[in-house]
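# Commentary on secondary and tertiary structure
Here is what each chain is made of, one letter per residue.
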Amino acid sequence: MRLTNAWERINDPMDKQEYWLKPVGKSVLNPSETLTFSNFQMKWLPESSYAGSIMGFTYGDEAKDGINSFNQINVNGTIVEEEGGNE
């Protein structure tokens, strides 16, 4: 059974820095057509201050060097340790 709008990871699953995904069952993107990641989620449990970015690129026969996506996500934060802790 295949899900609609499914994506397949095509790079090494051990690589925790990059995720290369391709749509399942879709090999042609027509002019003015768009692809989206429905219900795409990233999760991590930071142990210290952090910063990260999610950037998208499109590659194809006519775009071998890639084209940047319109949207980019940047996140950062600081972990504040509470005093006292559990004793």
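Quick caveat: nothing in here was measured; it's all calculated off a predicted structure.

## A closer look at the side chain of Asn11
Summarising the element assignment, Asn11 is placed in the loop between strand S1 (7-9) and strand S2 (21-23). Reaching out from Asn11, the side chain makes a polar contact with the side chain of Arg9 at a distance of 2.8 Å. Residues contacting Asn11, with those up to four places away along its chain left out, are Glu18, Tyr19 and Trp20.

## Considerations on the layout of surface pockets
If you add up the space inside the largest pocket, you get close to 2,300 Å³. In terms of lining, the largest pocket is formed by 46 residues, of which the most central are Phe37, Met55, Gly56, Phe57 and Thr58. Sorting the residues of the lining of the largest pocket by element identifies S2, strand S3 (50-60) and strand S4 (63-77) as the ones contributing at least two each. Among the elements that make up the lining of the largest pocket, the one with the highest residue count is S3 (ten residues). Residue composition of the lining of the largest pocket, grouped by class: 24 nonpolar, 14 polar and eight charged.

Conventions used here
- Residues numbered from 1 in each chain as written.
- Predicted model: local features only at pLDDT ≥ 70, side-chain atom pairs only at ≥ 80, totals over all residues.
- Heavy atoms only, no water.
- Helix = DSSP H or I, 4+ residues; strand = E, 2+ residues; numbered from the N terminus.
- Polar contact = N/O pair within 3.5 Å; in protein donor to acceptor, adjacent residues only side chain to side chain.
- Contact = heavy atoms within 4.5 Å.
- 1 Å grid on protein atoms, 1.4 Å probe; cavity = no way out; pocket = protein on both sides within 12 Å on 5 of 7 lines; lining within 4 Å.
- Points joined across faces, edges and corners; volume = space filled by probe spheres on them.
- Nonpolar A, V, L, I, M, F, W, Y, C, P; charged D, E, K, R; others polar.

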